[in-house]
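Working through the structure, step by step
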Amino acid sequence: MFHLLLTLLISTATSKLCPSYPNPRNVHPTQLFQSPEVKAALIEINDLFQNASNTIPSGFIATIVFDQNTMFTKGYGYNDIANKSNGPPTSQSLVRIASITKVFTTMLMYILRDASLITLEDTLKSLLPTFSMQRTTSDITLRELASHTSGMPRELPYPCCAFTIESSQDQEQYPTTCNETSILNILQHKPVISGTHRRFHYSNLGMALLGRALAHVNETGIQTGMQTAMQTYEEMVIQLITQPLKMSNATFNYNKTTQDRSAKGISKTTGKKVIIPYEKTCGFGAPAGCLWASAEDMELLMKFLFRIDNLPSQDKETTDLDPLRKSTVAEMMAPSILMRNGYEAVGTPFEMQYIGNKYWTKGKQGELPGYRSSLTVIEELKLGIFTSALISDTESNSVWTIEALNILAPAVDQALTRLQPSAKLPTNYAMYVGKYYDGSVTIAVQKEQLIFTSSAGELNLIEVPEMDNMLRVQNLNDIGCRWLDDGTNNEIVSFVVVNSTVVAMEFMGSRYDKY
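Numbering of residues starts from 1 in each chain and follows the order in which that chain's sequence is written. In keeping with the predicted nature of the model, local features appear solely for residues at pLDDT of at least 70, side-chain atom pairs appear and are counted solely at 80 or more, and the whole-chain, interface and lining totals rest on all residues. For side-chain calculations, the full set of non-hydrogen atoms in the structure is used, while hydrogens and water are omitted.

Let's talk about the pattern of salt bridges
Salt bridges, as used here, are contacts in which a Lys or Arg side-chain nitrogen is within 4 Å of a carboxyl oxygen on Asp or Glu. For the coordinates displayed, the defined rule picks out 19 salt bridges. Between Glu506 and Arg511 there is a salt bridge whose closest N-O contact spans 3.8 Å. A salt bridge links Asp513 to Arg511; the nearest nitrogen and oxygen atoms lie 3.0 Å apart. Residue exposure (1.4 Å probe, protein chains only): buried if accessible area is under 20% of the type maximum, exposed if over 50%, otherwise partly exposed. Classification of Asp513 by relative accessible area gives partly exposed; the value is 41%. One salt-bridge network, in which partners are shared between bridges, spans Arg25, Asp67, Asp309 and Lys382.

Structure (structure tokens):
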């Protein structure tokens, strides 16, 4: 009986309250950065990163973004352990972002989808006709590859997986014949590990196949202004994503320029600089993890993600930069699979974790010999962190991004809440005040709020930016998450105005004439 009562109490308390977040756009970044809460948090985070760096023989770089502003950037340790006098890595030092490359591969898929060149239900075989594997029960789609639900094995088949090479001896064993044709031939004799959509199973092979398939889109005979000639996957990512976002450091090429600008990752086993086994690209597996980028580049990616809810007037400066429309970015940020523990989820392309009993983090981690990188954001606070350790094995799976957000998110939340401007009545609010229908529906001013009273109870009306004669409904009290998103909350009240006078309002399918 006690356990039943406890369960009821917990479920009741949980259902009553849903986390709420302050509006980041209501507070100027300088005001937030100078707040005592954020200042103290950044000191603690610097100590966290310094202590983390002390566990790494080489170096470590971290950068923190709030909306369209960089809040913190600092390098620790050594950019090159063989030349310690050069100091720590900087925000422009190139690192292997490893599996964060999958974010760009998924973005490329969405770009082509939004241009009506593909659908997510197109099959892999429609773009790579010679693809086949043993034990497949249905045609694998692009959506299944991108969401890791295709049933593909994790890695490229032997001997064509370049991701484990970190020494000259490893490099000698890697064949130069591992091109698209040879890998597709090998796969014909390999089985998938499960049927499609049976389970989430992380697959570098699946992501590599997705990226290489997307490079064949023009071969289907569809004409597009996006490409003037046949391009490789690598060229498409640079042209359609990194260049529009001004990510000037990002590259797949490990040429002399990249070598000179890169922070030098080391092997945890030997303590020596790892061998990078390629120049132009790491081969067929590049879409799964072979992009080089700087912390500065990752700042630009996070700032792009945080422009998801820009108003039309705020988009004028970034229209030419953003490679995806906002609804597609929202699709990218949404979960698609809930993990069994109930506090982790997987989207396309981000992995998600619920922290602090309030915040969903959305991120991507990656590891290749010599480097472990992590990008993690909290969308509601427009807060993001990128870190990269110049060694492939770290004590923190998230490369300390989750630990840092556990410190910073509550501080930013508290500061933003405290600094929110006082509530203001909507513009021209007086014209909406009065009785509607038979007098039982009213709009009145109460304590600097415009209160809409009907059979649904009392609701606050707030302004809808850049929309005339429309107000948004906002619940006055804390409510459960289900009813925060399913009910009157966030609905729009539209007012019918004739000769500058309100004659009626429309709300949730009904019209109420002015009484």
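Now that the structure is up, let's keep going.
Concerning the sheet that holds strand β17 (residues 501-507)
What makes two strands pair is DSSP finding at least two bridges between them. Numbered from the N terminus, helices here are DSSP runs of H or I no shorter than four residues, and strands are runs of E no shorter than two. Ordered by their spatial adjacency, eight strands build an open sheet running β11-β12-β13-β14-β15-β16-β17-β18, and the pairing between neighbours is antiparallel. Taken across any chain shown, the strands that pair with only one partner, and hence form the sheet edges, are β11 (434-436) and β18 (510-513). The mean angle between the axes of side-by-side strands here comes to 30 degrees, regardless of whether they run parallel or antiparallel. In terms of strand pairing, β17 meets β18 through four bridges, oriented antiparallel. In the sheet register, Glu506 faces β18, and the bridge partner there is Arg511. Here an axis means a line fitted to C-alpha atoms, over the contact stretch when the element is a helix, while the angle between two N-to-C directions is reported on a 0 to 180 degree scale.

Notes on empty space enclosed by the protein
Empty space left among the atoms is revealed by rolling a probe the size of a water molecule over them. Cavity: a set of points on a 1 Å grid over the protein atoms alone where a 1.4 Å probe fits but cannot get out. Pocket: an open set with protein on both sides within 12 Å along at least five of seven lines, its lining residues, like those of a cavity, having an atom within 4 Å of a point. Grid points are joined across faces, edges and corners, and a volume is the space filled by probe spheres set on the points. The full count for this structure, using the stated rule, is two cavities of 30 Å³ or more. Of the pockets and cavities examined, the second largest cavity occupies roughly 40 Å³. Lining the second largest cavity, in full, are Arg135, Thr136, Thr137, Ser138, Ile140, Ser150, Val192, Ser194, Gly195 and Thr196.

Observations concerning the confidence of the model for the protein chain
pLDDT runs from 0 to 100 and stands for how confident the predictor is about each residue. Counting all residues, the mean pLDDT for the protein chain is 89, and 89% of those residues have values of 70 or more. We call two residues in contact when some of their heavy atoms are within 4.5 Å. Across residues 1-15, confidence stays below pLDDT 50; counting only partners more than four residues off in sequence or on other chains, it has three contacts. Per-residue pLDDT stays below 50 along residues 220-224; that stretch engages in five contacts with residues further than four places along the chain or on separate chains.

Focus: the state of the cysteines
Whenever a pair of cysteine sulfur atoms sits within 2.5 Å, that pair is classed as a disulfide. Taken as a whole and judged by the stated rule, the model has three disulfides. The residue that forms a disulfide with Cys18 is Cys481, at a sulfur-sulfur distance of 1.9 Å. In this structure the cystine formed by Cys18 and Cys481 twists about its S-S bond by roughly 95 degrees; its chirality is therefore right-handed. Of this pair, Cys18 sits in the loop between α1 (2-16) and α2 (29-33) while Cys481 sits in helix α16 (residues 481-485), and the two are 463 residues apart along the sequence.

Some details on the packing of helix α4 (residues 101-114) against helix α10 (residues 233-242)
Running from N to C, α4 and α10 cross one another at 80 degrees; their axes reach a closest spacing of 10 Å. By the angle class used here, α4 and α10 are roughly perpendicular. In contact with Thr101, Phe104, Thr105, Met107, Leu108, Ile111 and Leu112 of α4, α10 contributes Tyr233, Met236, Val237, Leu240, Ile241 and Thr242. Residue type decides the class: Asp, Glu, Lys and Arg count as charged, Ala, Val, Leu, Ile, Met, Phe, Trp, Tyr, Cys and Pro as nonpolar, and the leftover types, Gly among them, as polar. The residue inventory of the contact of α4 with α10, partitioned by class, reads 10 nonpolar, three polar and no charged. Just so you know how the angles are binned, under 35 degrees is roughly parallel, over 145 roughly antiparallel, 65 to 115 roughly perpendicular, and the rest oblique.

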